[in-house]
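Below are the chains, spelled out letter by letter.
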Amino acid sequence: MARFGLPDEVIFCTQCVISNQRPRSTIEFQSGVTEVKKTMAIDENGVCDACHFQATKDVNIDWNSREDQLLQLLEKHRKTSGYDVVVPGSGGKDSAFTAHILKSKYGMNPLTVTWAPHLYTEIGWENFINWSHVGGLDNILFTPNGKLHRILTREAFKNLLHPFQPFIVGQRIIGPMIAKRFGIPLVMYGENQAEYGNSIDENKTPLMKNQFYSRSANQEIKLGGRTIPELAAEYDLSENEFEPYLPLSGEGLEPQVHYLGYYLKWDPQECFYYAFENTGFKPAPERTEGTYSRYSSIDDKIDPFHYYTTHVKFGLGRTSYDAAQEIRNGKITRQEGVALVKQFDAEFPSRYFREFCEYIQLSPDEFHAIVNRFRSPHLWTLDSNDSWVLKHAVWMKD
Amino acid sequence: MIIIADYGAGNLGSLTSALLELDLDFQVSAVPEDVALADRLIIPGVGAFRPGMESLRKSGLDEAILNHHKSGKPIVGICLGMHLMATKGTEGGETHGLGILPGKVERLEASKSHLVPHLGWEKISELDWGHDYQPYVYFAHSYYFSPESSSSMKLSFFAWDGYHLPAIVKKENATAFQFHPEKSGQDGLILLRNALET
Amino acid sequence: MTTFRLIARLDLKGPDVIKGIQLEGFRKIGSPKVLAEEYSSQGADEIILVDVVASLYDRKSTYSLIQQIVNSIRVPLTVTGGVQTLSDAKALFDSGADRVGLNSHAIRNPKLISEIANIYGSQGVVCSIEAKRLEPSKSEWECLTESGRQRSNVNFLEWLGRLESLGAGEILLTSVDRDGTRSGVDIDLSKVAREVSNLPIIYSGGISSPSDAIEIANCGLNGACIGASLHYGFLNLLTLKEEMITTGISARPPEAKRL
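Residues numbered from 1 in each chain as written. Chains lettered and ligands numbered in written order. Predicted model: local features only at pLDDT ≥ 70, side-chain atom pairs only at ≥ 80, totals over all residues. Heavy atoms only, no water.

### Describing the overall build of chain A
- Across its full length, chain A carries 14 helices and 11 strands.
- What you see for chain A is a C-alpha radius of gyration of 21 Å, in line with the 21 Å of a compact globule of 398 residues.
- Principal axes of the C-alpha set define a box for chain A whose edges measure 70 × 55 × 40 Å.
- Counting across all 398 residues of chain A, residues that qualify as buried make up 59%.
- Taking contacts inside chain A between residues at least 6 apart in sequence as the whole, the part at least 24 apart equals 77%.
- Accessible surface, chain A: about 16200 Å² in total, of which carbon and sulfur atoms supply 48%.
- Within chain A, one finds 42 positive and 51 negative side-chain charges whose respective centroids are separated by 1 Å. (Helix = DSSP H or I, 4+ residues; strand = E, 2+ residues; numbered from the N terminus. Rg over C-alpha atoms; globule rule 2.2 N^0.38 Å. Buried < 20%, exposed > 50% of the residue type's maximum accessible area, 1.4 Å probe, protein only. Contact = heavy atoms within 4.5 Å. Areas by Shrake-Rupley, 256 points an atom, 1.4 Å probe, with all protein chains shown as cover. Lys, Arg positive; Asp, Glu negative; His and termini not counted. Charge placed at Lys NZ, Arg CZ, Asp CG, Glu CD.)

### Some thoughts on the overall build of chain B
- Looking only at helices and strands, chain B has 6 helices and 13 strands in total.
- For chain B, whose C-alpha radius of gyration is 15 Å, the value lies close to the compact-globule estimate of 16 Å for 198 residues.
- C-alpha extents for chain B along the principal axes are approximately 45 × 40 × 30 Å.
- Of all 198 residues assigned to chain B, the portion counted as buried reaches 60%.
- When the accessible area of chain B is evaluated, it comes to approximately 7700 Å², of which 48% is carbon and sulfur surface.
- The average position of the 16 basic charges and that of the 24 acidic charges among the side chains of chain B differ by 5 Å.

### Things to note about the side chain of A:E155
Residues and elements named next belong to chain A.
- If you trace the backbone, E155 turns up in helix α5 (residues 146-160).
- Exposure remark for E155: the relative accessible area of 2% places this residue in the buried category.
- Beyond its immediate chain neighbours, meaning those up to four positions away, E155 contacts L160, G224, R226, L231, E234 and Y235.

### Considering the interface of chain C and chain B
- The partner chain B presents 37 residues to the 35 residues of chain C that form the contact.
- Taken over both partners, the interface formed by chain C and chain B buries close to 3000 Å², and the fraction arising from carbon and sulfur atoms is 57%.
- At the boundary of chain C and chain B, one finds 2 salt bridges.
- Linking C:R74 and B:E21 is a salt bridge whose minimum nitrogen-to-oxygen distance equals 2.9 Å.
- Summed over the shared surface of chain C and chain B, the result is 12 residue pairs in polar contact (both at pLDDT 80 or more).
- For the side of chain C that touches chain B, the secondary-structure elements that each account for two or more residues are α2 (60-72) and α5 (111-120) of chain C.
- When its residues are assigned to classes, the side of chain C that touches chain B shows 13 nonpolar, 10 polar and 12 charged. (Buried area = accessible area lost by both parts, 1.4 Å probe. Salt bridge = Lys/Arg side-chain N within 4 Å of Asp/Glu carboxyl O. Polar contact = N/O pair within 3.5 Å; in protein donor to acceptor, adjacent residues only side chain to side chain. Nonpolar A, V, L, I, M, F, W, Y, C, P; charged D, E, K, R; others polar.)

### Considerations on the arrangement of the chains
- The interface with the highest contact count, out of 2 pairs of chains in contact, is the one between chains B and C.
- Regarding chain A and chain B, which are not in contact, the minimum distance between any of their C-alpha atoms is 29 Å.

### Overview of the confidence of the model for chain B
- Across chain B, the average pLDDT comes to 94, with 99% of residues at 70 or higher.
- Of the two predicted TM-score estimates for the complex, the pTM is 0.92 and the ipTM is 0.94. (pLDDT = per-residue confidence, 0-100.)

### Notes on the sheet that holds strand β7 (residues 101-107) of chain B
Residue and element names in this part refer to chain B.
- Judged by pairing direction, the sheet is mixed, and its 4 strands sit side by side in the order β6-β5-β7-β10 without closing on themselves. Strands at the two margins of the open sheet, each flanked by one partner only, are β6 (95-96) and β10 (143-147).
- With 3 bridges connecting them, strand β5 (residues 86-89) and β7 associate as parallel partners. Each residue of the ladder has a partner; that of K88, found in β7, is K104. (Pairing = 2+ DSSP bridges.)

### Some points on the sheet that holds strand β1 (residues 2-5) of chain B
Residue and element names in this part refer to chain B.
- The strand order across the open sheet built from 9 strands is β2-β1-β3-β4-β13-β12-β11-β8-β9, with neighbouring strands paired in mixed fashion. In this open sheet, the two edge strands, each paired with only one partner strand, are β2 (26-29) and β9 (136-141). Taken over all neighbouring pairs, the strand axes of this sheet differ in orientation by 30 degrees on average, direction set aside.
- In the sheet, strand β4 (residues 75-78) pairs with strand β13 (residues 174-177) via 4 bridges, with the strands oriented parallel. If you follow I78 over to β13, its bridge partner there is F177. (Axes fitted to C-alpha atoms, helices over the stretch in contact; angles between N-to-C directions.)

### Focus: the environment of B:L66
- With respect to the helices and strands, B:L66 occurs in helix α4 (residues 61-70).
- With near-sequence residues (within four places) excluded, B:L66 lies in contact with B:L98 and B:I100.

### Here's the deal with the interface of chain C and chain A
- Listed per partner, the contact involves 24 residues of chain C and 26 residues of chain A.
- Both faces combined, the contact of chain C with chain A buries some 2200 Å², and carbon together with sulfur accounts for 49% of it.
- On inspection of chain C and its partner chain A, the count reaches 5 salt bridges.
- One salt bridge in this structure joins C:R27 and A:E277, with 3.3 Å as the shortest N-O distance.
- Our count for the chain C to chain A interface comes out at 18 residue pairs in polar contact (both at pLDDT 80 or more).
- Of all the secondary-structure elements, those providing two or more residues to the side of chain C that touches chain A are β2 (16-21), β3 (24-30) and β9 (150-155) of chain C.
- Top contributing element to the side of chain C that touches chain A by residue count: β3(C), with 5 residues.
- The residue makeup of the side of chain C that touches chain A, split by class, is 7 nonpolar, 7 polar and 10 charged.

### A word on the pairing of strand β2 (residues 110-115) of chain A
Residues and elements named next belong to chain A.
- Across the 6 residues of β2, 6 count as buried, placing the element largely inside the fold.
- Burial along β2 is two-sided: the face carrying P110, T112 and T114 and the face carrying L111, V113 and W115 are both buried.
- By the bridge criterion, 4 bridges tie strand β1 (residues 85-88) to β2 in an arrangement that is parallel. Bridge pairing in β2 links V86 to L111.
- Assessed by its sense of winding, the connection that carries the chain from β1 through helix α3 (residues 93-104) to β2 is right-handed.
- As paired elements, β2 and strand β3 (residues 138-142) share 5 bridges and run parallel to each other. (Right-handed = clockwise from strand over helix to strand, strands pointing away.)

### Description of the nonpolar core
- In this structure, C:I113, C:I129, C:F156, C:W159 and C:L163 are the most contacted members of the largest nonpolar core, which totals 76 residues.
- Among residues more than four places away in sequence, those in contact with C:I113 are C:L102, C:A106, C:V125, C:C127, C:W159, C:L163, C:L166, C:G167 and C:A168.
- Listed in part, the 54 residues of the second largest apolar core include A:I27, A:F164, A:A179 and A:I184. (Core = buried A, V, L, I, M, F, W, Y, C linked by side-chain atoms within 4.5 Å.)

### Comments concerning unusual backbone geometry
- That bond from B:V116 to B:P117 is cis: its omega, 5 degrees, falls within 30 degrees of zero.
- Here B:P117 lies in the loop between β7 and β8 (118-125).
- Positive phi outside glycine occurs at A:S297, with the angle close to 50 degrees.
- Residue A:S297 is classed as partly exposed on the basis of its relative accessible area of 32%.

Spelled out as structure tokens, the structure:
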């Protein structure tokens, strides 16, 4: 019986390398322990939603008309003094591209806003600084209370096997939050996660679903699968320490949150080249464990554990995500993608393992015990050496 | 018909493509009987002297080449092919060559300014070819042909660390190139064609 | 001094020439045959084809591509990438490559170098090194393998020092830090390489101007291998060469006459 309500049968897309186990983007602060995940749809021809959407991008969308829409939107918001758009991000390839192009090509006056990574990598910090020093952008860096952040990471890891949750929650909120406080009505993100296989309808609008960053007055918020009163009681904290993690509620300016990827045809690898050429972005000096590439998600030491846990929960590691994206954007072939998944997807992130365990205050043994609890029997089995192996992988012949 | 003797010593891709560009009919063969029927013969090659000679002997190509040479028909040696036409080679001890060109094959001496293997383009000197300039041609070798001084050969040279070493050797119907005319631009093609039309 | 060579670098991925940054990324640049012809007509002394995904690809189409290129240019062609065995090398030579390059598999199995050199001569064997600084300010480099994806833990200078006796004929030295960045050359890397090895050395990575290439020549290296600057139109080999010759560097002048 599959865990998380995942589909029992594992099916891989015939065009990319992703499987039907891939969950859609969740509204994190509603996420509970027994949640049933909605997952990637693969049609009767074996093609996933994300590949379908790529085809639309390539053929059906009139990008000239989309850009016209962008120009109209920006025209409405452009100011001659003061910030006119908030660009959330960390100076990685996507936010670097978004902020810089809005300023240099479209004449906007962006304020970039960063929700700090849990643990900055050296290259992440350098790229972040260069975003400002070379890219020429103002930035507000918000570092949430690290002690609480660690607690939330630990809880999310233990209860949901999702250590990245505190980052995702904060990162989605900080842009609209700062925009609201500064009175800036426009927030612009880079890509819509719908491109990666959320419901295709979500791609028909430039707007982020506001459930990702706002809530109704009495909506219960969960972090790490637990309520705030519970956490406050257990860890002897006051409830107002949790404020940065709270979605916006009702009163005052409600900023409009758009995706630039709706207006401009998105190519993540080309964002990397653009960022190198314009904001001093450099790829990581060595590849992160679990993947082959060096230009994507390189600023947080926790990142590899995010992908390690997706591999445990869904059988899809970082290589699967990176390769699927590059296949759809025509950078690599499926044949290459499959070979890369075989080579790198299951790699254990040993480089920062000790540091991660210290960060969440668990021993390596405790780490593995928790991880193993999340291995669904429909995905994992023990081999003759008593090691966990995947029952289904895209490179296995059926 | 031009025959390229294939004795297993290295690639022929550039050479065959050069002959295609020159619009000359040719065949590649490892078999002495074909060589016997050739109007013109090319001995290509990269690699070492001793294994090269052994391969020629084993296949019977050594005799076929000598017969062709005796018949007076044009014969062209390139790089190792040139070396094998010498009296003897010195790599790994002395080995007898085909003896078509009187002289020995010796190792290039390296210095700070001249590294071994010798790789790259050099200008030839004393080339009589009907043009008013001396061409640059491409070399890739660690050994060179050192002629006997009392021989009746026409030589063109390349400069090496204060010396002049043979770049082209002509003796009657035999022409030998130390460099690779098939990889030396348009000038190389001219030299290759001239040699085949001797 | 033997002449200095100006070499065009084509990073090959399947049917396309691509160009990355620090060996990362696969931006398509164009057709290998068209670019080889273009750079050859600009006066390239050699073309180097670096197959960046060799181990993941079926290579038959690559061999056919090499044949096409050899048929259309009249300067030497070196092919490097994915050579694991003598028969891999043979297949490349048979397709028309004039020289074959080894990287990852030479480090794993150094005997491979002499295996190939014994048959094709050491002048036919290029050892390709991807050198990455361990730290930006330190003059120590590590050899990377698999197009910059893997660390080998092999110290660059130690490896370089062994290559002559292992039978290599030439070194293609790529500064990973500079590759694709057009930010100038790693001159320390070039200097230490020249001190340690007596083999001909070609430098690749970051060449953006005539003065960069001149710096390499003045270090005593034997050639400059240029990629991004050519592909994006920032440099032209013809003008680059002319400028180098006027500063007194010995190089093959642009062909004055053609048939």
